[in-house]
Amino acid sequence: MGTDRVMKVCIVGASGKLGQYMVRHALDRGYEVVGVCRERSVPKLAAFEGRMTVVPGATNDPEVIRRAVAGCDGVLTVLVPWGVQQYASGTAQAVLDHARPGARLVFSCGWHITRDGKDRYSWLFTTALRIVAVLGKLVRAVEIDDQVEACRRVFASDTRWTVVRGSDLEEGESQGLPVWSRHVGDPVLAGNLTRRVDFALFMVEALTDDALVHEAPAIVGRLTPAALAHTAAPDGPG
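All figures in this text were calculated on a predicted structure; none of them were measured in a lab.

1. So, the packing of helix 1 (residues 17-28) against helix 6 (residues 196-206)
Part 1 of the reasoning: Packing of helix 1 against helix 6 brings their axes to within 8 Å, and their N-to-C directions diverge by 55°. One finds that helix 1 runs oblique with respect to helix 6. Remark: the crossing between helix 1 and helix 6 carries right-handed chirality. Counting all contacts with helix 1, which are made through Lys 17, Leu 18, Tyr 21, Met 22, His 25 and Ala 26, the residues of helix 6 involved are Arg 196, Val 197, Phe 199, Ala 200, Leu 201, Met 203 and Val 204.
Part 2 of the reasoning: Class assignment of the residues belonging to the contact of helix 1 with helix 6 gives a composition of 10 nonpolar, 1 polar and 2 charged.

Right, dumping it as structure tokens:
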């Protein structure tokens, strides 16, 4: 992209907490922003009225995504495993199908996603995940396996993708860009906590970081004790 024009970015899932933070970060950088969210959630973006374009509709609707990503240099997608109707995988597939060739595609998910099977999880983490998966499916509210399928499709694509895997999240003032590692279980990630505003910051920064193309960084707040120790002796990818 030439330096004489503004970067155009689509944020899929713009009305959620993470999405709104991404909108703010993108606007702060002077980007042209298009947001996608369900029609009933459009009022949540009222604070950005006149500063962004909103395309209302289901994020797993290919036609909605086709219109929203037209001409965009980058697409930031929140992969939410809502319901039991393949919402996450449908959203991912629509973005993969309709984003322009060469666009930077950045997806968000949790630590439970693994790209190469080398992540190491505690028994507490895996037990909690199984409980959430079973209960969520029983009440038809969440389908964790569908988020796994969504990321499988992203990993298999030939697009310029990044999948950002978030730790536990908290609200609060920004602590700066999170640190990252390729595998859950690496010592730098021991803090398992990131400010949501900084998760969004990492997503937006990834748009212009070519070192993250075809990476699935697991992130953590840069002020957690393990991250501070890592910063003092930097020898990892984050």
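2. Brief notes about unusual backbone geometry
Part 1 of the reasoning: With phi around 50°, Asn 192 is a residue other than glycine that occupies positive phi space.
Part 2 of the reasoning: Positionally, Asn 192 belongs in the loop between strand 8 (179-181) and strand 9 (193-195).
Part 3 of the reasoning: For Asn 192, a relative accessible area of 23% gives the class partly exposed.
Part 4 of the reasoning: For His 214, which is not a glycine, the phi torsion comes out positive at approximately 65°.
Part 5 of the reasoning: For His 214, the location among the structural elements is in the loop between helix 6 and strand 10 (218-220).

3. Considering helix 1
Part 1 of the reasoning: Its 12 residues place the ends of helix 1 17 Å apart at the C-alpha level, agreeing with the 16 Å of an ideal helix rising 1.5 Å per residue.
Part 2 of the reasoning: Buried-residue contacts for helix 1 involve strand 1 (8-12), strand 2 (32-37), strand 4 (74-78), strand 5 (104-110) and helix 6.
Part 3 of the reasoning: Of the residues trailing helix 1, Gly 30 is marked for its positive phi of about 80°.

4. Some remarks on the pattern of salt bridges
Part 1 of the reasoning: For the structure shown, the criterion picks out 12 salt bridges.
Part 2 of the reasoning: Across the pair Glu 63 and Arg 66 runs a salt bridge, and its minimum N-O distance is 2.5 Å. Of this pair, Glu 63 and Arg 66 both sit in helix 2 (residues 62-69), 3 residues apart, roughly one helical turn.
Part 3 of the reasoning: Owing to a relative accessible area of 38%, Glu 63 belongs among the partly exposed residues under this scheme.
Part 4 of the reasoning: Residue classification places Arg 66 among the partly exposed residues on the basis of a relative accessible area of 38%.
Part 5 of the reasoning: In this structure, Glu 171 engages Arg 196 in a salt bridge whose closest nitrogen and oxygen atoms are separated by 2.3 Å. With Glu 171 in the loop between strand 7 (168-170) and strand 8 and Arg 196 in helix 6, this residue pair connects regions lying 25 residues apart in the sequence.
Part 6 of the reasoning: Among the ionic contacts, a cluster of salt bridges with common partners joins Glu 63, Arg 66 and Arg 67.

5. What about the layout of surface pockets?
Vacant regions in the atomic arrangement are exposed by a probe of water-molecule size rolled over the atoms.
Part 1 of the reasoning: Within this model, the second largest pocket holds a volume of roughly 150 Å³.
Part 2 of the reasoning: Lining the second largest pocket we find 11 residues, and of these Trp 111, Arg 120, Ser 122, Val 184 and Asn 192 sit closest to its centre.
Part 3 of the reasoning: Split by residue class, the lining of the second largest pocket holds 6 nonpolar, 3 polar and 2 charged.

6. Observations concerning the pairing of strand 6 (residues 160-166)
Part 1 of the reasoning: Extensive coverage of strand 6 is indicated by the burial of 6 of its 7 residues.
Part 2 of the reasoning: Relative to strand 6, strand 5 runs parallel, the two being bridged by 7 bridges. Looking across to strand 6, one finds that Ser 108 is bridged to Val 164.

7. Quick look at the nonpolar core
Part 1 of the reasoning: If you look at the biggest cluster of nonpolar residues, it comprises 30 residues, and the most contacted ones within it are Cys 10, Val 36, Val 75, Leu 105, Phe 107 and Val 163.
Part 2 of the reasoning: Broken down by secondary-structure element, the contributors of at least two residues to this core are strand 1, strand 2, helix 2, helix 3 (87-98), strand 5, helix 5 (144-156) and strand 6.
Part 3 of the reasoning: The element that contributes the greatest number of residues to this core is helix 3, accounting for 5 residues.
Part 4 of the reasoning: Not counting the four nearest positions on each side in its chain, Val 75 is found in contact with Cys 10, Val 12, Val 69, Val 95, Ala 99, Arg 104, Leu 105, Val 106 and Leu 207.
Part 5 of the reasoning: Judged by nonpolar contacts, the second largest core, of 29 residues, contains Val 33, Leu 45, Val 78 and Met 203.

Rules used in this analysis
- Residues numbered from 1 in each chain as written.
- Predicted model: local features only at pLDDT ≥ 70, side-chain atom pairs only at ≥ 80, totals over all residues.
- Heavy atoms only, no water.
- Axes fitted to C-alpha atoms, helices over the stretch in contact; angles between N-to-C directions.
- Helix = DSSP H or I, 4+ residues; strand = E, 2+ residues; numbered from the N terminus.
- Parallel < 35°, antiparallel > 145°, perpendicular 65-115°, else oblique.
- Left-handed = near helix turned anticlockwise from the far one by under 90°.
- Contact = heavy atoms within 4.5 Å.
- Nonpolar A, V, L, I, M, F, W, Y, C, P; charged D, E, K, R; others polar.
- Buried < 20%, exposed > 50% of the residue type's maximum accessible area, 1.4 Å probe, protein only.
- Expected span 1.5 Å × (residues − 1).
- Salt bridge = Lys/Arg side-chain N within 4 Å of Asp/Glu carboxyl O.
- 1 Å grid on protein atoms, 1.4 Å probe; cavity = no way out; pocket = protein on both sides within 12 Å on 5 of 7 lines; lining within 4 Å.
- Points joined across faces, edges and corners; volume = space filled by probe spheres on them.
- Pairing = 2+ DSSP bridges.
- Core = buried A, V, L, I, M, F, W, Y, C linked by side-chain atoms within 4.5 Å.

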